[in-house]
Amino acid sequence: MDYIEKVLEKLKEWTRRLIEALLGPEVQPEAEPIPVPVNDPQRRR
C-alpha cells in the first residue's frame with residue numbers, strides 16, 4: 001500500500017509540473033496597494 005501512495009504522489013507532482021510548464025506558474029493574487037498618507041500643504045496663490 002505504501003508503494004501505491006508513493007506512486008500517486010509522484011504522479012501528482014509530475015502533473016503539477018506539466019501544468020505549470022504549459023500554463024505558467026500558479027497565479028498569485030495581486031497585492032492591494034497600501035495608502036500612504038501625504039502631508040500636502042495648500043499651494044500658495
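You'll find the structure just up there.
Residues numbered from 1 in each chain as written. Predicted model: local features only at pLDDT ≥ 70, side-chain atom pairs only at ≥ 80, totals over all residues. Heavy atoms only, no water.

Asker: When you look at the overall build of the chain in this model, what are you seeing that I'm missing?
Answerer: Helices and strands together make up the secondary structure of the chain, namely one helix and zero strands. Counting only carbon and sulfur atoms, one obtains 58% of the accessible surface of the chain, whose full area is about 5,500 Å². (Helix = DSSP H or I, 4+ residues; strand = E, 2+ residues; numbered from the N terminus. Areas by Shrake-Rupley, 256 points an atom, 1.4 Å probe, with all protein chains shown as cover.)

Asker: Explain the pattern of salt bridges here, please?
Answerer: Oppositely charged side chains can form a pair if their charged atoms are brought close together. Under the counting rule described, the total for this entry stands at four salt bridges. Among the salt bridges present, the one from Asp2 reaches Lys6, with a minimum N-O distance of 3.8 Å. Residue Asp2 and its partner Lys6 are located together in helix H1 (residues 2-23), separated by four residues, close to a single helical turn. Where Lys12 meets Glu9, a salt bridge forms, and the shortest distance between an N and an O atom there is 3.8 Å. Note that Lys12 and Glu9 are positioned in helix H1 at a spacing of three residues, about one turn of the helix. (Salt bridge = Lys/Arg side-chain N within 4 Å of Asp/Glu carboxyl O.)

Asker: Looking at this structure, I do not really get a nonpolar patch on the surface. What am I missing?
Answerer: Judged by side-chain polarity, Met1, Tyr3, Ile4, Val7, Leu8, Leu11 and Trp14 come together as a nonpolar surface patch covering roughly 820 Å² of accessible area. Residue class for Val7 comes out partly exposed when judged on its relative accessible area of 34%. (Patch = residues over 30% accessible without salt bridge, like charges linked within 9 Å, V, L, I, M, F, W, Y side chains within 5 Å. Buried < 20%, exposed > 50% of the residue type's maximum accessible area, 1.4 Å probe, protein only.)

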